[in-house]
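Given next are the chains, with one letter for each unit.
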Amino acid sequence: MLLFRRIFNFEKAKVAQLTENRRNTRYTPGAGYPLQACLHLARDDWQAGEVQDLSGRGLGLLLGGATPANIGQDLKVKLVLGGQELVLGCSIIHIEPRPAGVFCGLDLRFGTFEEQKAYLQILQPVALGQSLQAVAAERVVQNEPQFIKQVFRGEGDCVLTVWLAKTVGTPLHSFEFQLDDYFCHADVQSGVLEAYLREKSDSHQGKLSQPVFDQSGGLRDEIRQLFRLVLPNLSPAVPADVRCFLQRFTAESVDLKSQI
């Protein structure tokens, strides 16, 4: 059920806080976000739909055909992402005919804490990617003479940094994506997406460890999977050429379906 075992492994208080903070904001998944959804209308009838938006406790679903469901009706919705399925109770609070089908606004119900956390793990990559905004050039410390650094900062400790080489055409050279103590990095020379974890220390700052090479298929794959899921949800503030550059490294990301 859970996409991540270590990343986003929040305690109950944190899950409740994030759910409430995201309650009144609708996040639209990027076109490449591989989230699938089906609405349960009858005993064996699951109708596929397209997720239009997500919030802390709600979901907007576009169904391709007419639905016999009514406002207030109790149903179930199934969400599939990264090889994991999550089935939640819900009720319809809004129905709106649209040219491409019928839009249903769903109020979600979480039967257990694990269901609530699993749903939040689906929402987090969308919310974090869309929160990234460009840091003004005058506020970016340019401490590497051979590169031009661009920084995009988002919610909490979510940061995307890209480096352009000071050569003809200023081509993109490398990037680093950070979320809290988790990092991934790649450059054009190696072409490999590496995963890192900040080491804890007694000083006021930690330091980057060596790349994570846990052969159990856990943290290293989760960090790379997180990058793969955030990427299609990047805000418009991230330029198209940077998006294309980052996309080159997604083949290195590992599907968690084979690891859980």
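Residues numbered from 1 in each chain as written. Predicted model: local features only at pLDDT ≥ 70, side-chain atom pairs only at ≥ 80, totals over all residues. Heavy atoms only, no water.

Chemist: Teacher, can you tell me more about the nonpolar core here?
Modeler: Judged by nonpolar contacts, the single largest core of 69 residues is most densely connected at Phe175 and Phe177. Element by element, the count of residues in this core is highest for helix H2 (residues 113-131), at eight residues. Beyond its immediate stretch of four places on either side in the chain, Phe175 contacts Leu160, Thr161, Val162, Trp163, Cys184, His185, Ala186, Leu193, Phe227, Phe245, Leu246 and Phe249. (Core = buried A, V, L, I, M, F, W, Y, C linked by side-chain atoms within 4.5 Å. Buried < 20%, exposed > 50% of the residue type's maximum accessible area, 1.4 Å probe, protein only. Helix = DSSP H or I, 4+ residues; strand = E, 2+ residues; numbered from the N terminus. Contact = heavy atoms within 4.5 Å.)

Chemist: Honestly, helix H4 (residues 240-247) in this entry has me stumped. Any pointers?
Modeler: Residue pairs spaced three or four apart in an α-helix point in one direction, given the helix's 3.6 residues per turn. Burial in H4 covers these residues: Val242, Phe245 and Leu246. End-on, the buried residues of H4 take up no more than an arc of 95°, which puts them together on one face. Seen from the open side of H4, the exposed residues pointing more than 90 degrees away from its buried face are Ala240 and Cys244. Looking at the buried residues of H4, the elements they touch are strand E8 (147-153), strand E9 (159-165), strand E10 (172-179) and helix H3 (219-230). (Arc of directions from axis to C-beta.)

Chemist: What is the right way to read the confidence of the model for the protein from this model?
Modeler: Keep in mind that low pLDDT regions are not for reading the predicted coordinates in detail. Looking at the protein as a whole, its pLDDT mean stands at 87, while 87% of the residues score no less than 70. Taken together, the stretch residues 200-216 has pLDDT below 50 and engages in 30 contacts with residues farther than four places along the chain or on a different chain. In this model residues 252-260 is a low-confidence stretch, pLDDT under 50, and it forms 29 contacts with partners more than four residues away in sequence or in other chains. (pLDDT = per-residue confidence, 0-100.)

Chemist: What is the right way to look at unusual backbone geometry in this model?
Modeler: Generally, phi is negative for residues other than glycine and the peptide bonds are trans, each holding for most cases. For Thr170, which is not glycine, the phi torsion reads 40° and is therefore positive. Tracing the chain through its elements places Thr170 in the loop between E9 and E10. Phi is positive for Asp180, close to 55°, though the residue is something other than glycine. Secondary-structure assignment places Asp180 in the loop between E10 and strand E11 (182-187). Residue Asp180 is classed as partly exposed on the basis of its relative accessible area, which comes to 37%.

Chemist: Would you take a moment to explain the environment of Asp241 for this structure?
Modeler: With respect to the element layout, Asp241 can be found in helix H4. The spatial distance from the C-alpha of Asp241 to the C-alpha of Leu172 is 8.6 Å, given a sequence separation of 69 residues.

Chemist: It is not clear to me how the pattern of salt bridges should be interpreted in this structure. Could you clarify?
Modeler: In a structure, side chains of opposite charge can pair up when their charged atoms sit close to one another. On inspection of all chains with the given rule, the structure shows five salt bridges. With its nearest N and O atoms 3.4 Å apart, the salt bridge here joins Arg98 to Glu96. By relative accessible area, which is 30% here, Glu96 ends up partly exposed. The residue Lys117 makes a salt bridge to Glu114 at a minimum N-O spacing of 3.8 Å. Highlighted residues: Lys117 and Glu114, both in helix H2, separated by three residues, approximately one helical turn. (Salt bridge = Lys/Arg side-chain N within 4 Å of Asp/Glu carboxyl O.)

Chemist: So what exactly am I meant to see when it comes to the pairing of strand E4 (residues 74-81) here?
Modeler: Looking along a regular strand, one sees side chains alternate from face to face of the sheet. For E4, the buried fraction is high: six of the eight residues fall into the buried class. As paired elements, E4 and strand E5 (residues 84-98) share eight bridges and run antiparallel to each other. Bridge pairing in E5 places Asp74 opposite Ser91. Remark: two residues form the turn of the hairpin made by E4 and E5, two consecutive strands paired antiparallel; Gly82 in that turn has positive phi of roughly 60°. (Pairing = 2+ DSSP bridges.)

Chemist: When you look at helix H1 (residues 12-21) in this model, what are you seeing that I'm missing?
Modeler: Among all positions in H1, only Val15, Leu18 and Thr19 are buried. Seen along its axis, H1 keeps its buried residues to an arc of 100°; they face one direction. Turned more than 90 degrees away from the buried face of H1, the exposed residues are Ala13 and Asn21.

Chemist: Explain the packing of H1 against H2 to me, please; I cannot follow it from the model alone.
Modeler: The packing of two helices is summarised by the inter-axis angle and the distance between the axes. Relative to each other, H1 and H2 sit at 55°, their axes nearing to 10 Å. When the axes of H1 and H2 are compared, the pair comes out oblique. For the pair H1 and H2, the sense of crossing is left-handed. Within the contact between the two elements, H1 uses Lys12, Val15, Leu18 and Thr19 and H2 uses Phe113, Gln116, Lys117, Leu120 and Gln124. (Axes fitted to C-alpha atoms, helices over the stretch in contact; angles between N-to-C directions. Parallel < 35°, antiparallel > 145°, perpendicular 65-115°, else oblique. Left-handed = near helix turned anticlockwise from the far one by under 90°.)

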